[in-house]
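# Tertiary structure, described
Each chain is listed here by its residues.
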Amino acid sequence: MKRLTARHWLAVGAAAFTVALTAVAFWLSYEHLHDVAAANGLGAHGSTARAWAWPATVDMFIIVGELLILRASLRGTVDPWAIALTALGSLGSIALNVAGVGTDADPLEYIVAGVPPIAALLAFGALMRQVHEVIAGRSEYVAETEYENSAEIDPVLDTSPADTSTAYPEPNDEPALAPVPERPVLVLTKKAKPVLAEKTVSRTRRVSASVLDEDDTLIKRARADFAGRVPTYRELKDAYSIGQPRAKRIRAVLEGVPA
């Protein structure tokens, strides 16, 4: 047996007191409305059945409206008709309880008469809220349990061959058609381009192999003259009176390309 925690005991206690408060408030309101009905024509000739039945035409609208509101809340919708029933029943019960006191009564008597229907509305609303939490929580628990159970079940694939037999056999006079072979699919692939790094390495090796020993002096002078900046081909040719091929070799070394 599952042991109840403090949280469960608090919920049970709140529910018990709410039910008791609702019952007492409705009984006080119902009793006073009975007295109002009996004093205003429904208790004549010694008949009290009608006087006892008449308050139900007022207070029962509160119960019906609250139950419909609870149903709409569980469905995730809003029921304006249920709200209207609850509001009209509550306002009618409060007005009739207060009006039944009379016109020359003490102000405190009006307050005493109005408390039971107000308490009945609030207590029954609190009770419906607790019922909603219990039902909604249980529904979520059931949904989560079903989901976990369905997730644990591995789907079984039907690997049995399909039945290709037909109810009507083919006529014997028709020749059987040979199966059509599947057409080969031509897949076009784009030729991969050489990697840029390989181009750079190949070019570097060619340039480094082509640099002559006598270019070392010009390379040192260019580094000093241009203060570490890589000059253009035109600047090298104008400064050292060399040709385009030699300027390319020197500039390649100045760019920092490893040999």
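One structure accompanies this document, and this report is about it. None of the values given here were measured: they were computed from a predicted structure.

## What to know about the overall build of the chain
Per the secondary structure count, the chain includes nine helices and zero strands. Taken from N to C terminus, the helices and strands of the chain fall in the order α-α-α-α-α-α-α-α-α. Across the 259 residues that make up the chain, the buried fraction comes to 21%. In the chain, the share of contacts with a sequence separation of at least 24, taken over all contacts with a separation of at least 6, comes to 58%. With the model as given, the accessible surface of the chain reaches about 19800 Å², and the carbon-plus-sulfur share is 63%.

## Description of the packing of aromatic side chains
With the rule as written, the count across this model stands at one aromatic pair. On the numbers, 6.0 Å between centres and 90° between planes, the contact of Phe26 with Phe124 is edge-to-face. Separated by 98 residues along the polypeptide, Phe26 in helix H1 (residues 6–42) and Phe124 in helix H5 (residues 107–152) bring together distant segments of the chain. Residues Phe26 and Phe124 agree in their burial class; the two are buried. Sitting over the ring of Tyr233, Arg251 keeps its end group 5.2 Å from the ring centre.

## Some details on the pattern of salt bridges
Using the criterion set out here, one finds three salt bridges in the structure. As a salt-bridge pair, Arg129 and Glu133 come within 3.8 Å of each other at their nearest N and O atoms. On the criterion of helical spacing, the pair formed by Arg129 and Glu133 is a turn pair, its members being four residues apart in helix H5. Its salt-bridge partner being Arg229, residue Glu235 comes within 3.3 Å of it at the nearest N-O pair.

## Re the side chain of Thr86
Tracing the chain through its elements places Thr86 in helix H4 (residues 80–99). Note on Thr86: relative accessible area 8%, which makes it buried. Among the polar contacts listed, one links the side chain of Thr86 to the backbone nitrogen of Glu66, at a separation of 3.3 Å. Look past the residues within four positions of Thr86 in its chain and what remains in contact with it is Phe61, Ile62, Gly65, Glu66, Ile69 and Leu121.

## Considerations on helix H7 (residues 215–225)
Residues Asp215, Leu218, Ile219 and Ala222 constitute the buried set of H7. An end-on view of H7 places all buried positions within 105° of arc, on one side of the element. In H7, the exposed positions that point more than 90 degrees away from the buried face belong to Thr217, Lys220 and Ala224. Along its buried surface, H7 packs onto helix H8 (233–240) and helix H9 (244–254). In the stretch just after H7, Ala227 is the one whose phi turns positive, near 55°.

## A look at helix H3 (residues 56–74)
In an α-helix, one turn spans 3.6 residues; hence positions three or four apart end up facing the same way. The end-to-end C-alpha distance of H3, which contains 19 residues, comes to 26 Å, matching closely the 27 Å that a straight helix rising 1.5 Å per residue would cover. Along H3, the residues classified as buried are Val58, Asp59, Ile62, Gly65, Glu66, Leu70 and Ala72. Down the axis of H3, the buried set is contained in an arc of 165°. They therefore lie on one face. Downstream of H3 by a residue or two, Gly76 has a phi angle that is positive, lying close to 75°.

## What about the environment of Val230?
Its place among the elements puts Val230 in the loop between H7 and H8. Its relative accessible area of 29% is what places Val230 among the partly exposed residues. Contact partners of Val230, with chain neighbours within four places excluded, come to Arg251, Leu254 and Glu255.

## Focus on the nonpolar core
With 10 residues, the main nonpolar core is built from Leu218, Ile219, Ala222, Phe226, Leu236, Tyr240, Ile242, Ala247, Ile250 and Leu254. Contributions of two or more residues to this core are made by H7, H8 and H9. Residues in contact with Phe226, not counting those within four places in the same chain, are Pro231, Glu235, Leu236 and Tyr240.

## As for the packing of H1 against H4
Two quantities define a packed helix pair, namely the angle between the axes and the distance from one axis to the other. Axis separation between H1 and H4 bottoms out at 9 Å; the angle between their running directions is 55°. As the angle between them shows, H1 and H4 are arranged oblique. Classified by chirality, the crossing of H4 by H1 is left-handed. Where H1 approaches H4, its residues Ser29, His32, Leu33 and Val36 are matched on the opposing element by Ser93, Leu96 and Asn97. Residues of the contact of H1 with H4, tallied by class, amount to three nonpolar, four polar and no charged.

Rules used throughout
Residues numbered from 1 in each chain as written. Predicted model: local features only at pLDDT ≥ 70, side-chain atom pairs only at ≥ 80, totals over all residues. Heavy atoms only, no water. Helix = DSSP H or I, 4+ residues; strand = E, 2+ residues; numbered from the N terminus. Buried < 20%, exposed > 50% of the residue type's maximum accessible area, 1.4 Å probe, protein only. Contact = heavy atoms within 4.5 Å. Areas by Shrake-Rupley, 256 points an atom, 1.4 Å probe, with all protein chains shown as cover. Phe/Tyr/Trp six-rings, centres within 6.5 Å; stacked < 30°, edge-to-face > 60°. Lys NZ or Arg CZ within 6 Å of the ring centre and 35° of its normal. Salt bridge = Lys/Arg side-chain N within 4 Å of Asp/Glu carboxyl O. Polar contact = N/O pair within 3.5 Å; in protein donor to acceptor, adjacent residues only side chain to side chain. Arc of directions from axis to C-beta. Expected span 1.5 Å × (residues − 1). Core = buried A, V, L, I, M, F, W, Y, C linked by side-chain atoms within 4.5 Å. Axes fitted to C-alpha atoms, helices over the stretch in contact; angles between N-to-C directions. Parallel < 35°, antiparallel > 145°, perpendicular 65-115°, else oblique. Left-handed = near helix turned anticlockwise from the far one by under 90°. Nonpolar A, V, L, I, M, F, W, Y, C, P; charged D, E, K, R; others polar.

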